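# Remarks on the overall topology
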Amino acid sequence: ALTAAERGHDVALIEASDRLGGQFNLAKRIPGKADFAETIRYFETRLAEEGVDVRTSSPADANLLASEGFEHVVVATGVSPRHLDIPGAGDANVVSYIDAIERPDTVGNRVAVMGSGGIGFDVADLLTSPYSGEQDRETFLSHWGVDKEHRAPGGIARPVHSDSPRKVTMLQRSDSRPGRSLGLTTGWVVRAELKSRGVGNLTGVRYDRIDGEGLHIERAGEKETVPADTIVVCIGQEPNDSLAAALAGLDIPFTVIGGAKQATGLDALRAIREGRDAAVSI
């Protein structure tokens, strides 16, 4: 929307929720990722400066878009959590990663996180963080063993770690290393943090069922139960492509970008790049 407006187009940005930002509103809640809020703030400011018609709390449908006479539609409707299909998946103790991130206070003390991708690690990080909100400077330095007074050799002090408020176990179907998709320069930090908080990892898992006892699995031919008050589902995402399918039946040129185009491998860099490229191509 911003790039199109900068290039002289008359642009309307139609957002179903009551705020801009999409997945960034989840990311900014994760420890160490508060800067995502600044990205949202930047775009909100620039959109206003460029005179973009921003409409929040306005779910779009194909008929609405057709009635307003738009000459081109960029579909950036994003993704939805992949549905879990095992017995007990609809029980009250099963929540999506969206629920866990937006309302961590509703998550129990014993947690099974289904999925060890980037989202699974973010959820485990948030739920086991002993800090409420962002750390202040003194807490940060103490946590990472930084001696700002240089009383210790090399300015390296003994890190002070607070206990995690929850017992969390992460699980994945594959036998590969958990978190292999994490960034090379940041993944080690998250792994070290979760290890220090006692987060467990189970690989090669087959999910069986969920009940009041927790998550029942099979691993290496043996049946096990992971005790859990809350099971958080982080098993992937699916494109929200229903609007694109509806537009295909109308005589309106459109371009699909981001998660609506392909959920696999979605990140902020790809989403922003595809948005820019779509605007440039119109």
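So, how was this worked out
- Residues numbered from 1 in each chain as written.
- Predicted model: local features only at pLDDT ≥ 70, side-chain atom pairs only at ≥ 80, totals over all residues.
- Heavy atoms only, no water.
- Core = buried A, V, L, I, M, F, W, Y, C linked by side-chain atoms within 4.5 Å.
- Buried < 20%, exposed > 50% of the residue type's maximum accessible area, 1.4 Å probe, protein only.
- Helix = DSSP H or I, 4+ residues; strand = E, 2+ residues; numbered from the N terminus.
- Polar contact = N/O pair within 3.5 Å; in protein donor to acceptor, adjacent residues only side chain to side chain.
- Contact = heavy atoms within 4.5 Å.
- Pairing = 2+ DSSP bridges.
- Axes fitted to C-alpha atoms, helices over the stretch in contact; angles between N-to-C directions.
- Phe/Tyr/Trp six-rings, centres within 6.5 Å; stacked < 30°, edge-to-face > 60°.
- 1 Å grid on protein atoms, 1.4 Å probe; cavity = no way out; pocket = protein on both sides within 12 Å on 5 of 7 lines; lining within 4 Å.
- Points joined across faces, edges and corners; volume = space filled by probe spheres on them.
- Nonpolar A, V, L, I, M, F, W, Y, C, P; charged D, E, K, R; others polar.

## Side note on the nonpolar core
- Ranked by size, the top nonpolar core spans 22 residues in total, and within it V123, M170 and V232 carry the most contacts.
- Of all the elements in the fold, those that place two or more residues in this core are helix 5 (97-102), strand 6 (110-114), helix 6 (118-128), strand 7 (167-171) and helix 8 (187-196).
- No other element matches the five residues that helix 6 contributes to this core.
- By size, the runner-up hydrophobic cluster in this structure holds 18 residues, among which are L84, A112, V205 and A228.

## Some words on the side chain of D122
- Assignment of secondary structure puts D122 in helix 6.
- You can call D122 buried: its relative accessible area is 17%.
- In this structure the side chain of D122 is engaged in a polar contact, spanning 3.1 Å, whose partner is the side chain of K33.
- Excluding its chain neighbours within four sequence positions, the residues that come into contact with D122 are I30 and K33.

## Some details on the sheet that holds strand 7
- One open sheet accounts for five strands, arranged 5-12-6-7-8; its pairing is parallel. Of all strands in the sheet, those with a lone pairing partner are strand 5 (94-96) and strand 8 (200-202), marking the two edges. Averaged over all pairs of adjacent strands, the angle between their axes in this sheet comes to 25°, without regard to strand direction.
- By the bridge criterion, five bridges tie strand 6 to strand 7 in an arrangement that is parallel. Bridge pairing in strand 7 places V111 opposite V168.
- Across the face of the sheet, helix 6 comes into contact with strand 6, strand 7 and strand 12 (230-233) while running at roughly 175° to strand 7.

## With respect to unusual backbone geometry
- Phi is positive for S57, which is not a glycine, with a value near 55°.
- Along the chain, S57 turns up in the loop between strand 2 (53-55) and helix 4 (62-67).
- Of note, the phi angle at H150 is positive, near 60°, even though the residue is not glycine.
- For H150, the location among the structural elements is in the loop between helix 7 (137-143) and strand 7.

## What about the sheet that holds strand 9 (residues 205-211)?
- An order of 9-10-11 is seen for the three strands of this open sheet, with the pairing classed as antiparallel. In this open sheet, the two strands that pair with only one neighbour each are strand 9 and strand 11 (222-227). Between one strand axis and the next, the sheet turns through 25° on average, direction left out of account.
- The pairing of strand 9 with strand 10 (residues 214-219) spans six bridges and is classified as antiparallel. What sits directly across from V205, in strand 10, is R219.

## A look at the packing of aromatic side chains
- One pass over the structure, following the stated rule, counts two aromatic pairs.
- For the pair F24 and F36, a centre-to-centre distance of 4.8 Å together with 80° between the ring planes defines the contact as edge-to-face. One end of the pair, F24, is in helix 2 (residues 24-27); the other, F36, is in helix 3 (residues 36-49), with twelve residues separating them in the sequence.
- Overall, F36 belongs to the partly exposed group, its relative accessible area being 24%.

## What about empty space enclosed by the protein?
- In total, this model carries one cavity of 30 Å³ or more according to the counting rule given.
- Quantified by volume, the largest cavity comes out at close to 40 Å³.
- Every residue along the wall of the largest cavity is listed here: P130, H143, H161, S162, S196 and R197.
- For the lining of the largest cavity, a count of residues per class yields one nonpolar, four polar and one charged.

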